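# Inside the fold
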Amino acid sequence: MPVAEKKPEASSSFTPYQPAPGEEYMNDKQLAHFRQLLLDWKQDLMEEVDRTVRHLQEDANNYADPADRATQEEGFSLELRTRDRERKLLKKINETIEKIDEDDYGFCEACGVEIGIRRLEARPTATLCVDCKTLAELKEKQLGG
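A brief structural summary. (Residues numbered from 1 in each chain as written. Predicted model: local features only at pLDDT ≥ 70, side-chain atom pairs only at ≥ 80, totals over all residues. Heavy atoms only, no water.)

Looking now at the overall build of the protein chain. A tally of helices and strands in the protein chain yields 4 helices and 0 strands. If you list the helices and strands of the protein chain from N to C, you get α-α-α-α. Rg of the C-alpha trace for the protein chain: 19 Å, well past the compact-globule value of 15 Å for 145 residues, more than 25% over. Seen through its C-alpha atoms, the protein chain measures out along the principal axes to roughly 65 × 40 × 25 Å. Out of the 145 residues belonging to the protein chain, those deemed buried represent 30%. Looking at the protein chain as shown, the accessible area adds up to about 9800 Å², and 52% of this sits on carbon and sulfur atoms. Distance between charge centres in the protein chain, computed from 22 positive and 31 negative side chains, equals 4 Å. (Helix = DSSP H or I, 4+ residues; strand = E, 2+ residues; numbered from the N terminus. Rg over C-alpha atoms; globule rule 2.2 N^0.38 Å. Buried < 20%, exposed > 50% of the residue type's maximum accessible area, 1.4 Å probe, protein only. Areas by Shrake-Rupley, 256 points an atom, 1.4 Å probe, with all protein chains shown as cover. Lys, Arg positive; Asp, Glu negative; His and termini not counted. Charge placed at Lys NZ, Arg CZ, Asp CG, Glu CD.)

Turning next to helix α4 (residues 130-143). Owing to its 3.6 residues per turn, the α-helix brings residues three or four apart onto one side. With 14 residues, α4 ought to run about 20 Å at 1.5 Å a step, and its terminal C-alpha atoms sit 20 Å apart, in line with that. Count one or two residues on from α4 and you reach Gly144, which has phi positive near 75 degrees. (Expected span 1.5 Å × (residues − 1).)

In this section: the environment of Glu79. One can find Glu79 in helix α2 (residues 66-101). Overall, Glu79 belongs to the buried group, its relative accessible area being 18%. Each C-alpha atom of the pair Glu79 and Val49 lies 9.7 Å from the other, and the pair is 30 residues apart in sequence. Once residues within four sequence positions are removed from consideration, Glu79 is found in contact with Thr52 and His55. (Contact = heavy atoms within 4.5 Å.)

Our focus in this paragraph is the state of the cysteines. Using the criterion set out here, one finds 0 disulfides in the structure. With no disulfide of its own, Cys132 lies closest to Cys129 among cysteine sulfurs, the gap being 3.7 Å. Residue classification places Cys132 among the buried positions, given a relative accessible area of 17%. (Disulfide = S-S within 2.5 Å.)

A separate point is a negative patch on the surface. Side chains of Glu24, Asp28, Glu98, Glu102, Asp103 and Asp104 sit close together on the surface and give a patch of like negative charge. As for its placement among the helices and strands, Asp104 is situated in the loop between α2 and α3 (117-122). (Patch = residues over 30% accessible without salt bridge, like charges linked within 9 Å, V, L, I, M, F, W, Y side chains within 5 Å. Salt bridge = Lys/Arg side-chain N within 4 Å of Asp/Glu carboxyl O.)

Fair warning: the whole summary comes from geometry, so function is off the table for now.
In structure tokens form, the structure reads like this:
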């Protein structure tokens, strides 16, 4: 699982969705649940970006010692790479919110079956069901991708 794809941090406000017996898959309540989950995740990422900007501004020292300067630059570089992965994740979150808006969320892009509520709670940006994702990963391994 790529780092940028990790599931959202479990916040104290997260409550797993409990569908009622016979409830239609991806009804308005479920779509609202996933929209809020994505918006919360997006907000957390944006706050992390703000913290990084403040950290880079506040901790930017011009060390005389080259080793200290290199250590600081390596730390900044790592933070910036992480933020870049999160920027890509933000794009994916926005695309997923658009799918919710278009009423095209929760179904596998490869085979059309329901992805499932629990899988989507673990990975709200999932576009493939477990079977198709497993197949895609096997193909990727075989092709060395």
